[in-house]
2 protein chains.
Amino acid sequence: MTFELNSQIEKDTFHVIDMDLCRVLLMNDKRFPWLMLVPMQPDLVEVFDLEEEDQVLMTLEVNYAAKVLADLSQAKKMNVGSLGNIVSQLHLHVVARNEGDAAWPGPVWGVGNAVPYDDGELKALLQDLRTALDYD
Amino acid sequence: MTFELNSQIEKDTFHVIDMDLCRVLLMNDKRFPWLMLVPMQPDLVEVFDLEEEDQVLMTLEVNYAAKVLADLSQAKKMNVGSLGNIVSQLHLHVVARNEGDAAWPGPVWGVGNAVPYDDGELKALLQDLRTALDYD
């Protein structure tokens, strides 16, 4: 089996960069600076489905992405989570939150409708993210 | 500075066990089998506030607790997340989810009101959790 990105996740996101374990995606919802990290292995559903050394690698990549997005977005608080009640392929959300955003202080999942990026702002944001996340 | 548990978290939970890094608590809400893990260090807000080796330890403890709770509760899906928009002290939620539960398929945070455990069921559940989590 090879890794294949779930079609719903693919539809909702843009590709940012591949880290050692995780593909980093940007949610197409400009209400929240919102990354998604998907470990590039087949048949994962729960965080504990990964081998222990990959659990460690995933965490370091997720926390690194959270720090980068926090700095870029000047967030008040980062929300990090793995839910998967609807799309079961293991994926980690990294969301930058601020007082007064469209879901504050509740969680972002399932709240209202996504507001897509314009082409110009998308291009600029992807460029900023790629530069900031290029950790090699 | 020494570690002190946030008073709101203390009010909402029961103490289960202390792992090497994290205190494990049970949310007093029988709608969902729901653990909370709090790293026992002062002044933590974000996951990346921990030293890298403690990020690793926290993840292994959280994922271990998630596996234990998944097995105990026969959950369809585990939800794991760190939000902290209201209580800023770093804490990780580990929630067992099933189709038809009080928030399915949405997130549990901020949904309805907690339903407290009865004394008898609480005592039994804490005993089961302590036995299952005793990983030394």
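Above: the structure in question.
These numbers were taken from a predicted model, which means no experiment stands behind them.

S.K.: Which residues make up the overall build of chain A, and what values do they have?
M.R.: What chain A contains, in helices and strands, is 3 helices and 5 strands. When the helices and strands of chain A are placed in sequence order, the string is α-β-β-β-α-β-β-α. Against the globule reference of 14 Å for 136 residues, chain A gives a C-alpha radius of gyration of 14 Å, in line with a compact fold. If you line up chain A on its principal axes, its C-alpha atoms span 40 × 35 × 25 Å. Restricting the contact set of chain A to residue pairs at least 6 apart, pairs at least 24 apart contribute 58%. Surface summary for chain A: the accessible area is close to 6,500 Å², and the carbon and sulfur share equals 48%. Separation between the mean location of the 10 positive side-chain charges and that of the 23 negative ones in chain A comes to 11 Å.

S.K.: Give me the interface of chain A and chain B: which residues, what numbers.
M.R.: With 30 residues of chain A in contact, the opposing surface of chain B contributes 30 residues. Surface buried jointly by chain A and chain B totals about 2,600 Å² across both partners, of which 61% is contributed by carbon and sulfur atoms. Considering only the surface of chain A that becomes buried against chain B, Phe48(A), Lys77(A) and Asn85(A) emerge as the three largest contributors, covering 24% of it. At the junction of chain A and chain B, the tally comes to 2 salt bridges.

S.K.: Could you give me a rundown of helix α3 (residues 119–133) of chain B, with the residues and numbers involved?
M.R.: Each full turn of the α-helix corresponds to 3.6 residues, which orients residues three or four apart in the same direction. An ideal rise of 1.5 Å per residue puts 21 Å on 15 residues; α3(B) measures up with 21 Å between its terminal C-alpha atoms. Buried residues along α3(B) sit in contact with β1 (13–18), β2 (22–27), β3 (34–39) and α2 (52–73) of chain B.

S.K.: Describe the sheet that holds strand β4 (residues 77–82) of chain B, naming the residues involved and giving the relevant values.
M.R.: In sheet architecture, strand pairing relies on hydrogen bonds along the backbone and comes in two forms, parallel and antiparallel. Taken in spatial order, the 10 strands of this open sheet run β1(A)-β2(A)-β3(A)-β5(A)-β4(A)-β4(B)-β5(B)-β3(B)-β2(B)-β1(B), and their pairing is antiparallel. Each edge of the open sheet carries a strand with a single partner, namely β1 (13–18) of chain A together with β1 of chain B. Ignoring which end each strand starts from, the neighbouring axes of this sheet average 25 degrees apart. The sheet contact formed by β3(B) and strand β5 (residues 92–97) of chain B spans 4 bridges and is antiparallel. Within β5(B), the position partnered with Trp34(B) by the bridge is Val95(B). Where helix α2 (residues 52–73) of chain A meets the sheet, it contacts β2 (22–27), β3 (34–39), β4 (77–82) and β5 (92–97) of chain A, and its direction lies at approximately 20 degrees from that of β5(A).

S.K.: Can you tell me about the pairing of β3(A), naming the residues and giving the values?
M.R.: Residue and element names in this part refer to chain A. Taking burial as the measure, the 6 residues of β3 include 6 buried ones, the bulk of the element. Here 5 bridges tie β2 to β3, and the two strands are oriented antiparallel to one another. Residue cysteine 22 lies in a different strand from β3, and its bridge partner there is proline 39. Between the antiparallel neighbours β2 and β3 lie 6 residues.

S.K.: Explain the relation of the copies chain A and chain B to me, using residue names and the numbers behind them.
M.R.: For the pair chain A and chain B, the best superposition has an RMSD of 0.0 Å and corresponds to a rotation of 180 degrees with a translation of 0.0 Å parallel to the axis. The superposition operator between the copies reduces to a two-fold rotation axis. Rotation axis and chain A: the residue whose C-alpha lies nearest the axis is Gly81(A), separated from it by 1.9 Å. When the interface residues of chain A are mapped onto chain B, 100% of them are again interface residues, pointing to one common binding face.

Definitions and limits used
Position numbers for residues count from 1 along each chain, tracking the sequence in the order it is written. As they are written, the chains are lettered A onward and the ligands numbered 1 onward, keeping that order. Since the coordinates come from a predicted model, pLDDT governs what is reported: local features require at least 70, and pairs of side-chain atoms require 80 or more to be given and counted, while whole-chain, interface and lining totals use all residues. To get the side-chain values, all heavy atoms of the structure are used, and hydrogens and water are removed first. Helix and strand assignments follow DSSP, with helices taken as H or I runs no shorter than four residues and strands as E runs no shorter than two, numbered in order from the N terminus. Note that the radius of gyration is over C-alpha atoms, with the globule rule given as 2.2 Å times the number of residues to the power 0.38. Here, two residues are considered to be in contact whenever any of their heavy atoms come within 4.5 Å of each other. Surface exposure here means Shrake-Rupley accessible area, sampled with a 1.4 Å probe, where a residue is shielded only by the protein chains that are shown. When charges are counted, Lys and Arg contribute as positive and Asp and Glu as negative, whereas His and the chain ends are disregarded. A charged residue contributes its charge at one atom only: NZ of Lys, CZ of Arg, CG of Asp or CD of Glu. Throughout, the accessible surface (probe 1.4 Å) given up by two parts as they are put together, summed over both, is called the buried area. A side-chain nitrogen of Lys or Arg and a carboxyl oxygen of Asp or Glu constitute a salt bridge if their distance falls within 4 Å. Helix span, expected: 1.5 Å multiplied by one less than the number of residues in the helix. The pairing criterion is simple: DSSP has to find at least two bridges between the two strands. In this analysis an axis means a line fitted to C-alpha atoms, helices contributing only their contacting stretch, and an angle means the value between N-to-C directions, from 0 to 180 degrees. Only protein chains enter the accessibility calculation, which uses a 1.4 Å probe; a residue is then buried when its area is under 20% of its type maximum, exposed when over 50%, and partly exposed in between. Copy-to-copy alignment: least squares on C-alpha atoms, limited to residues at pLDDT 70 or above in both.

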